[in-house]
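# Overview (structure and organization)
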Amino acid sequence: MNVAAVQRHLKRNALAYMAILPMALTVMIAYMGTMFWSVRLSFSSSRMLPKSDFVGFAQYERLFTTSRWITSLENLLIIAFLFLAICFILGFLLSVFIDQKIKAESFFRTVFLFPYAMSFIVTGLVWQWIFNPQLGIQKAVNSLGWESFTFDWIVDPNMVLYTVIIAAVWQGAGLVMALLLAGLRGIDDDLWKATKIDGIPTWRVYISIILPMLRPMIITTVVLLSISIIKMYDVVVAMTGGGPGVASEVPAKFIMDNLFERANIGLATAASTVMLTTVLCLIAPFIYSNYIKKQGR
């Protein structure tokens, strides 16, 4: 594109560029600026107040020798694996169920997607009541006569993490269902007719043909769920507060606690920089495969 063409393009779209200028400045200053400032603070000795000194990777070395941070990472890995696997399997099965053109389809679609519209705080509180031995499932079963029944996962250090996963799956499976259902509705009916003529089992069609065709939706789903896992904070605070002890501690809670309660800005920004890098590593392949690689063809 030559200079004259660029000038004509700018004249034709001048009002559009002026309209998006405030948002562009907001992104550059409020988002990008604070992000780089946080990364800079992670290399300082900041405690209660920010400092402009430079201590190299001292905060990162301290971070990865902190047992609470290591525990939060281990918990995050367990949550990530189980949450992604269960969410995807359950969401896919729900999308297949609704794709059968069932009666009251709109009702079921709304019911399955409704939890995703709720905030994680509300989800955490609801599931805290359900798992609470004095209020929820255990109390209800005991009141029916089974007084020896116990269901105290939320106060059991070995099981509490799974209560968080259950609550997160309850909220996230609807999103997977909606995305995959949109992909299933885009598949030509002639494909199904051809597979029936060939006598291919339905389960084999889904595994060998349908799922590869849903690859863009699957990638989008994995990216969205992965980002929600990394920034998971609300549901943990509402349900368990990171306890018992640090049994359900996650990186986001570690960051917030050090930033606001322990007055350790340097350590908190180091942890947030690690999580930022993780998010970028997740997003980069998605951006490359869906935008850069396609434009380079």
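Data block above holds the structure.
Remember, it's a predicted structure, so these values are computed and weren't measured experimentally.

## Things to note about the layout of surface pockets
If you add up the space inside the largest pocket, you get close to 510 Å³. Lining the largest pocket are 19 residues, and of these Ile255, Ser272, Thr273, Met275 and Leu276 lie nearest its centre. Breaking the lining of the largest pocket down by element, the ones donating at least two residues are helix H2 (14-41), helix H11 (215-230), helix H13 (251-261) and helix H14 (265-295). Counting residues per element, the lining of the largest pocket draws most heavily on H14, which supplies seven residues. Considering only residue class, the lining of the largest pocket consists of 14 nonpolar, four polar and one charged. By volume, the second largest pocket is sized at about 270 Å³. Along its surface, the second largest pocket is lined by Asp99, Gln100, Lys101, Leu184, Arg185, Ile187, Asp189, Trp192, Lys193, Lys196, Thr202 and Tyr206. For the lining of the second largest pocket, the elements supplying multiple residues, two or more each, are helix H8 (160-185), helix H9 (189-198) and helix H10 (202-213). Here the lining of the second largest pocket gets four residues from one element, more than from any other, and that element is H9. When the residues that make up the lining of the second largest pocket are grouped by side-chain class, the tally is four nonpolar, two polar and six charged.

## Quick word on the nonpolar core
In this structure, Leu63, Ile79, Phe83, Ile210 and Leu214 are the most contacted members of the largest nonpolar core, which totals 49 residues. Counting residues per element, this core draws most heavily on H8, at 11 residues.

## Some details on the environment of Tyr206
The residue Tyr206 is located in helix H10 in this model. For the pair Tyr206 and Val96, spaced 110 residues apart in sequence, the C-alpha to C-alpha distance is 9.3 Å. Leave out the neighbours within four places in its chain, and Tyr206 touches Phe92, Val96, Gln100, Leu184, Trp192 and Leu211.

## What about a nonpolar patch on the surface?
On the surface, a cluster of nonpolar side chains totalling about 960 Å² of accessible area is made up of Leu21, Met23, Leu25, Val27, Met28, Ile29, Tyr31, Met32 and Phe36. When you line up the elements, Leu21 lands in helix H2. A relative accessible area of 47% means that Leu21 is categorised as partly exposed.

## Some words on the packing of helix H4 (residues 67-98) against helix H5 (residues 105-117)
Packed helix pairs are characterised by how far apart their axes lie and by the angle those axes make with each other. Closest axis-to-axis distance for the H4/H5 pair is 10 Å, and the angle between their directions is 165°. It follows that H4 is roughly antiparallel to H5 by the angle criterion. You can see that H4 and H5 cross each other, and the crossing is left-handed. Side by side, H4 and H5 meet where Leu94, Phe97 and Ile98 of the first sit next to Glu105, Phe108, Arg109 and Phe112 of the second. Classifying every residue of the contact of H4 with H5 by side-chain character gives five nonpolar, no polar and two charged.

Reading the values: rules and limits
Residues numbered from 1 in each chain as written. Predicted model: local features only at pLDDT ≥ 70, side-chain atom pairs only at ≥ 80, totals over all residues. Heavy atoms only, no water. 1 Å grid on protein atoms, 1.4 Å probe; cavity = no way out; pocket = protein on both sides within 12 Å on 5 of 7 lines; lining within 4 Å. Points joined across faces, edges and corners; volume = space filled by probe spheres on them. Helix = DSSP H or I, 4+ residues; strand = E, 2+ residues; numbered from the N terminus. Nonpolar A, V, L, I, M, F, W, Y, C, P; charged D, E, K, R; others polar. Core = buried A, V, L, I, M, F, W, Y, C linked by side-chain atoms within 4.5 Å. Buried < 20%, exposed > 50% of the residue type's maximum accessible area, 1.4 Å probe, protein only. Contact = heavy atoms within 4.5 Å. Patch = residues over 30% accessible without salt bridge, like charges linked within 9 Å, V, L, I, M, F, W, Y side chains within 5 Å. Areas by Shrake-Rupley, 256 points an atom, 1.4 Å probe, with all protein chains shown as cover. Salt bridge = Lys/Arg side-chain N within 4 Å of Asp/Glu carboxyl O. Axes fitted to C-alpha atoms, helices over the stretch in contact; angles between N-to-C directions. Parallel < 35°, antiparallel > 145°, perpendicular 65-115°, else oblique. Left-handed = near helix turned anticlockwise from the far one by under 90°.

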